[in-house]
Amino acid sequence: FGSSSKSIVRPWSFGEMVMVGNAAAVVVARRRRVKASGHISIPKRSKALRPSRAEVKQLLADRVPKETSEAILPTEEEVSFCMKMAASGKDIIKVWHQYLEQREAIADAVRMFDLSNTGTLERTELKEYLQYLNDGSQVSNKDVDIIFAEADVFGDGTIRPVELSLVSELWHKLSTRRNSSCSPFAWLRAR
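On a predicted model such as this, the values are computed, not experimentally measured, just so you know.

A. Spatial organisation of the packing of helix H2 (residues 53-62) against helix H4 (residues 92-113). Between H2 and H4, the least distance of the axes is 10 Å, while the angle of their chain directions is 55°. Here H4 runs oblique to H2, going by the angle between their axes. Of the two possible hands of crossing, H2 and H4 adopt the one that is right-handed. Here Val-56, Leu-59 and Leu-60 of H2 come into contact with H4, specifically with Ile-92, Ile-93 and Trp-96. Its residues assigned to classes, the contact of H2 with H4 comprises six nonpolar, no polar and no charged.

Have a look at this one:
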(Lines give C-alpha, C1' and ligand atoms only; values in the text may rest on other atoms or scores of the structure.)
Protein backbone atom coordinates (compact mmCIF):
# COMPACT_ATOMS: atom_id res chain seq x y z
CA PHE A 1 0.00 0.00 0.00
CA GLY A 2 2.53 2.55 -1.05
CA SER A 3 1.43 6.14 -1.35
CA SER A 4 2.87 9.11 -3.14
CA SER A 5 3.08 12.56 -1.64
CA LYS A 6 0.78 13.83 -4.41
CA SER A 7 -2.10 11.49 -3.62
CA ILE A 8 -5.19 13.02 -2.11
CA VAL A 9 -6.84 10.99 0.59
CA ARG A 10 -10.61 11.37 0.55
CA PRO A 11 -12.50 9.56 3.32
CA TRP A 12 -15.75 7.97 2.27
CA SER A 13 -18.94 9.89 2.75
CA PHE A 14 -21.18 8.79 5.60
CA GLY A 15 -23.51 7.06 3.11
CA GLU A 16 -20.64 5.10 1.62
CA MET A 17 -19.40 4.04 5.06
CA VAL A 18 -22.86 2.90 6.11
CA MET A 19 -23.00 0.69 3.01
CA VAL A 20 -19.73 -0.94 4.10
CA GLY A 21 -20.61 -1.35 7.75
CA ASN A 22 -19.56 0.19 11.02
CA ALA A 23 -18.69 3.74 9.94
CA ALA A 24 -16.61 4.41 13.05
CA ALA A 25 -14.48 1.32 12.39
CA VAL A 26 -13.81 1.79 8.68
CA VAL A 27 -11.56 4.36 7.07
CA VAL A 28 -11.03 3.99 3.37
CA ALA A 29 -9.09 6.30 1.09
CA ARG A 30 -9.76 6.69 -2.60
CA ARG A 31 -6.92 4.23 -3.19
CA ARG A 32 -9.22 1.69 -1.53
CA ARG A 33 -6.99 0.99 1.43
CA VAL A 34 -8.90 -0.91 4.09
CA LYS A 35 -8.13 -0.78 7.79
CA ALA A 36 -10.84 -2.18 9.93
CA SER A 37 -11.95 -3.61 13.18
CA GLY A 38 -15.49 -4.72 13.48
CA HIS A 39 -18.20 -5.37 10.91
CA ILE A 40 -17.07 -5.23 7.32
CA SER A 41 -19.26 -6.06 4.37
CA ILE A 42 -18.53 -5.32 0.76
CA PRO A 43 -21.07 -3.04 -0.92
CA LYS A 44 -22.96 -4.49 -3.90
CA ARG A 45 -23.77 -1.27 -5.69
CA SER A 46 -20.49 0.34 -6.66
CA LYS A 47 -17.49 -1.68 -7.76
CA ALA A 48 -15.34 1.41 -7.23
CA LEU A 49 -16.06 1.23 -3.50
CA ARG A 50 -15.02 -2.41 -3.15
CA PRO A 51 -11.59 -3.33 -1.81
CA SER A 52 -9.41 -5.28 -4.21
CA ARG A 53 -9.03 -9.05 -3.97
CA ALA A 54 -5.45 -8.59 -2.71
CA GLU A 55 -6.64 -6.18 -0.01
CA VAL A 56 -9.30 -8.64 1.16
CA LYS A 57 -6.75 -11.47 1.20
CA GLN A 58 -4.40 -9.36 3.32
CA LEU A 59 -7.28 -8.31 5.59
CA LEU A 60 -8.20 -11.97 6.19
CA ALA A 61 -4.58 -12.96 6.79
CA ASP A 62 -4.27 -10.13 9.33
CA ARG A 63 -7.47 -11.22 11.10
CA VAL A 64 -6.47 -14.73 12.11
CA PRO A 65 -7.65 -15.20 15.72
CA LYS A 66 -4.94 -14.72 18.32
CA GLU A 67 -5.50 -18.26 19.63
CA THR A 68 -4.19 -19.59 16.32
CA SER A 69 -0.46 -20.04 16.59
CA GLU A 70 0.19 -20.62 12.89
CA ALA A 71 0.06 -18.07 10.13
CA ILE A 72 -2.90 -18.81 7.89
CA LEU A 73 -2.99 -17.37 4.43
CA PRO A 74 -6.41 -17.69 2.85
CA THR A 75 -6.65 -19.57 -0.44
CA GLU A 76 -8.15 -17.90 -3.49
CA GLU A 77 -11.31 -19.98 -2.99
CA GLU A 78 -11.57 -18.86 0.65
CA VAL A 79 -11.11 -15.22 -0.37
CA SER A 80 -13.81 -15.58 -3.05
CA PHE A 81 -16.17 -17.22 -0.57
CA CYS A 82 -15.65 -14.49 2.05
CA MET A 83 -16.10 -11.77 -0.57
CA LYS A 84 -19.34 -13.35 -1.82
CA MET A 85 -20.65 -13.66 1.74
CA ALA A 86 -19.69 -10.04 2.47
CA ALA A 87 -21.44 -8.91 -0.73
CA SER A 88 -24.61 -10.52 0.62
CA GLY A 89 -24.33 -8.40 3.78
CA LYS A 90 -22.45 -10.76 6.10
CA ASP A 91 -19.55 -9.58 8.25
CA ILE A 92 -16.46 -10.76 6.37
CA ILE A 93 -14.35 -11.11 9.52
CA LYS A 94 -17.05 -13.10 11.31
CA VAL A 95 -17.44 -15.39 8.27
CA TRP A 96 -13.66 -15.90 8.16
CA HIS A 97 -13.41 -16.67 11.88
CA GLN A 98 -16.33 -19.11 11.79
CA TYR A 99 -14.78 -20.86 8.82
CA LEU A 100 -11.36 -21.09 10.53
CA GLU A 101 -12.97 -22.62 13.63
CA GLN A 102 -14.50 -25.36 11.46
CA ARG A 103 -11.70 -25.78 8.91
CA GLU A 104 -10.39 -29.13 10.21
CA ALA A 105 -13.86 -30.58 10.78
CA ILE A 106 -14.83 -29.49 7.26
CA ALA A 107 -11.81 -31.28 5.79
CA ASP A 108 -12.77 -34.42 7.75
CA ALA A 109 -16.39 -34.20 6.56
CA VAL A 110 -15.32 -33.85 2.92
CA ARG A 111 -13.03 -36.88 3.26
CA MET A 112 -15.87 -38.88 4.83
CA PHE A 113 -18.76 -37.88 2.53
CA ASP A 114 -17.05 -37.16 -0.82
CA LEU A 115 -17.57 -40.64 -2.23
CA SER A 116 -16.96 -39.44 -5.80
CA ASN A 117 -13.49 -38.09 -4.83
CA THR A 118 -14.09 -34.74 -6.51
CA GLY A 119 -13.15 -32.62 -3.49
CA THR A 120 -16.74 -31.34 -3.34
CA LEU A 121 -20.10 -32.72 -2.24
CA GLU A 122 -22.71 -33.48 -4.86
CA ARG A 123 -26.42 -33.43 -4.01
CA THR A 124 -26.54 -37.12 -2.94
CA GLU A 125 -23.40 -36.73 -0.83
CA LEU A 126 -24.85 -33.58 0.72
CA LYS A 127 -27.95 -35.56 1.68
CA GLU A 128 -25.77 -38.14 3.45
CA TYR A 129 -23.97 -35.33 5.29
CA LEU A 130 -27.26 -33.75 6.37
CA GLN A 131 -28.51 -37.13 7.61
CA TYR A 132 -25.30 -37.39 9.62
CA LEU A 133 -26.02 -33.96 11.13
CA ASN A 134 -29.59 -35.14 11.76
CA ASP A 135 -28.36 -38.04 13.96
CA GLY A 136 -28.94 -40.56 11.17
CA SER A 137 -32.60 -39.64 10.63
CA GLN A 138 -33.90 -39.23 7.08
CA VAL A 139 -33.73 -35.82 5.45
CA SER A 140 -36.29 -34.91 2.79
CA ASN A 141 -35.24 -34.07 -0.75
CA LYS A 142 -37.00 -30.72 -0.27
CA ASP A 143 -34.72 -29.90 2.68
CA VAL A 144 -31.67 -30.95 0.68
CA ASP A 145 -32.80 -28.69 -2.18
CA ILE A 146 -33.33 -25.74 0.18
CA ILE A 147 -29.91 -26.13 1.80
CA PHE A 148 -28.21 -26.77 -1.54
CA ALA A 149 -29.71 -23.68 -3.15
CA GLU A 150 -28.64 -21.44 -0.25
CA ALA A 151 -25.19 -22.93 0.32
CA ASP A 152 -24.00 -23.20 -3.29
CA VAL A 153 -22.54 -19.71 -3.13
CA PHE A 154 -20.36 -20.26 -6.20
CA GLY A 155 -23.34 -21.56 -8.20
CA ASP A 156 -21.39 -24.48 -9.66
CA GLY A 157 -23.83 -27.24 -8.68
CA THR A 158 -21.63 -28.70 -5.95
CA ILE A 159 -20.82 -27.84 -2.36
CA ARG A 160 -17.18 -26.89 -1.99
CA PRO A 161 -15.39 -27.31 1.36
CA VAL A 162 -15.65 -23.57 2.10
CA GLU A 163 -19.41 -23.74 1.51
CA LEU A 164 -19.79 -26.65 3.94
CA SER A 165 -19.60 -24.31 6.94
CA LEU A 166 -22.61 -22.52 5.51
CA VAL A 167 -24.41 -25.87 5.05
CA SER A 168 -23.96 -26.65 8.74
CA GLU A 169 -25.20 -23.20 9.78
CA LEU A 170 -28.24 -23.42 7.50
CA TRP A 171 -29.09 -26.94 8.66
CA HIS A 172 -28.88 -25.85 12.30
CA LYS A 173 -31.24 -22.91 11.63
CA LEU A 174 -33.68 -25.08 9.68
CA SER A 175 -33.78 -27.87 12.25
CA THR A 176 -34.01 -25.44 15.18
CA ARG A 177 -36.91 -23.62 13.54
CA ARG A 178 -38.73 -26.89 12.89
CA ASN A 179 -38.16 -28.24 16.39
CA SER A 180 -39.21 -25.02 18.06
CA SER A 181 -42.69 -24.91 16.51
CA CYS A 182 -42.41 -21.15 17.03
CA SER A 183 -42.81 -21.65 20.78
CA PRO A 184 -40.45 -19.80 23.10
CA PHE A 185 -40.75 -22.78 25.48
CA ALA A 186 -39.86 -25.50 22.96
CA TRP A 187 -36.65 -26.27 24.82
CA LEU A 188 -38.79 -27.56 27.70
CA ARG A 189 -40.21 -30.30 25.49
CA ALA A 190 -36.71 -31.45 24.59
CA ARG A 191 -35.86 -32.22 28.23
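B. Fine view of the side chain of Asp-143. Here Asp-143 is to be found in helix H6 (residues 141-151). Excluding residues within four positions of it along the chain, Asp-143 makes contact with Trp-171, Leu-174 and Arg-178.

C. Representation of H2 within the structure. For H2, the full list of buried residues reads Glu-55, Val-56, Leu-59, Leu-60 and Ala-61. Its buried side turned inward, H2 meets helix H3 (76-87) and H4.

D. Seen up close, the confidence of the model for the protein. The predicted model of the protein has a mean per-residue pLDDT of 74, with 63% of residues at 70 or higher. Of all helices and strands in the protein, the one with the weakest mean pLDDT is strand S1 (residues 26-28) (37), whereas helix H5 (residues 123-133) scores best (95). Low pLDDT, under 50, characterises residues 181-191; the stretch is placed with six contacts to residues that sit more than four places away or in other chains.

E. H5, seen in detail. Along H5, the residues classified as buried are Glu-125, Leu-126, Tyr-129, Leu-130 and Gln-131. Remark: Asp-135 follows H5 within two positions and exhibits a positive phi of approximately 55°.

F. Layout of unusual backbone geometry. The phi dihedral of Asn-117 is positive, around 55°, even though this residue is not glycine. By the element assignment, Asn-117 lies in the loop between H4 and H5. Even without a glycine there, the phi angle at Asp-135 is positive, about 55°. Looking at the element boundaries, Asp-135 is found in the loop between H5 and H6.

Thresholds, definitions, all that
- Residues numbered from 1 in each chain as written.
- Predicted model: local features only at pLDDT ≥ 70, side-chain atom pairs only at ≥ 80, totals over all residues.
- Heavy atoms only, no water.
- Axes fitted to C-alpha atoms, helices over the stretch in contact; angles between N-to-C directions.
- Helix = DSSP H or I, 4+ residues; strand = E, 2+ residues; numbered from the N terminus.
- Parallel < 35°, antiparallel > 145°, perpendicular 65-115°, else oblique.
- Left-handed = near helix turned anticlockwise from the far one by under 90°.
- Contact = heavy atoms within 4.5 Å.
- Nonpolar A, V, L, I, M, F, W, Y, C, P; charged D, E, K, R; others polar.
- Buried < 20%, exposed > 50% of the residue type's maximum accessible area, 1.4 Å probe, protein only.
- pLDDT = per-residue confidence, 0-100.

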